[in-house]
Amino acid sequence: HISQPEQLHGTPEELLHPCTLSWFHLDPGPFSDPAWRRLLAGLPLFLPRGAQELMPTWERLLQECRQPRRDSRLAVEAALFSFLVALGRLARAEGNAPTLPQTLNRALQWLDSCQAEEELSVQAWADGVGLHRAHLHELCAKHLGVFPQRYLMERRLRRAADRLTEKSASITDIAYEFAFSSTQHFATAFKARYGCSPSAFRRQKLLSGA
């Protein structure tokens, strides 16, 4: 099941609100071959780099789905297998990738040790580790695949998502705790990242026992 930006996504049993991401949901049940099962089981939850390498096979898969033909089922299966193989190769390459530069590791460690909950600017991050802002920008773009500002926003949203699993904190309190200007600002940023509102995310997590 494939959904594109601004479309409903999730599973057929649990559709979520549209967001800005493309979603790919695969039922591993039909893959009885042990080699395929090993490939699927070995995929990580997150790949920080390599999206551009997947784009050709991803676009081929989408193209086959958009233009169904008499032989479309076979074509879609072939494109799907190509995409999964490319994904598996990328995951293995990621696992064997060299470690991050020492300078970037130090910057990330400083960020993790920063206890302040208020919004942290890119300049404050660069100053905190004694780097020029342009150098930090280059390191993040090259090795993390995102610019520093986006990385900081992702970090705030991840931490806010963790807090949403706690019943004691209200959504309003969480929004201001992580320096969002309003609950609407928080809800908009959160939905763009996770595909659902903070309240829907909390309900799902509490119902699942996460």
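Residues numbered from 1 in each chain as written. Predicted model: local features only at pLDDT ≥ 70, side-chain atom pairs only at ≥ 80, totals over all residues. Heavy atoms only, no water.

1. A short note on the overall build of the protein
Along its length, the protein carries 10 helices and 4 strands. Listed by position from the N terminus, the elements making up the protein come as β-β-β-β-α-α-α-α-α-α-α-α-α-α. Buried positions account for 32% of the 210 residues belonging to the protein. Considering only contacts within the protein whose residues lie at least 6 apart along the sequence, 55% involve residues at least 24 apart. Of the accessible surface of the protein, which amounts to about 13,000 Å², a share of 55% is contributed by carbon and sulfur atoms. (Helix = DSSP H or I, 4+ residues; strand = E, 2+ residues; numbered from the N terminus. Buried < 20%, exposed > 50% of the residue type's maximum accessible area, 1.4 Å probe, protein only. Contact = heavy atoms within 4.5 Å. Areas by Shrake-Rupley, 256 points an atom, 1.4 Å probe, with all protein chains shown as cover.)

2. What to know about the packing of helix H4 (residues 102-113) against helix H7 (residues 148-164)
Where H4 contacts H7, the two axes come as close as 13 Å, and the packing angle between them is 35 degrees. The handedness of the crossing between H4 and H7 is right-handed. Facing H4, whose interface residues are Leu 108, Leu 111 and Asp 112, H7 presents Tyr 151, Leu 152 and Arg 155. When its residues are assigned to classes, the contact of H4 with H7 shows 4 nonpolar, no polar and 2 charged. (Axes fitted to C-alpha atoms, helices over the stretch in contact; angles between N-to-C directions. Left-handed = near helix turned anticlockwise from the far one by under 90°. Nonpolar A, V, L, I, M, F, W, Y, C, P; charged D, E, K, R; others polar.)

3. Topic: the confidence of the model for the protein
Per-residue confidence for the protein gives a mean pLDDT of 80; residues scoring 70 or more make up 82%. Least confident of the elements in the protein is strand E3 (residues 14-16), whose mean pLDDT is 64; most confident is helix H5 (residues 122-128), at 92. (pLDDT = per-residue confidence, 0-100.)

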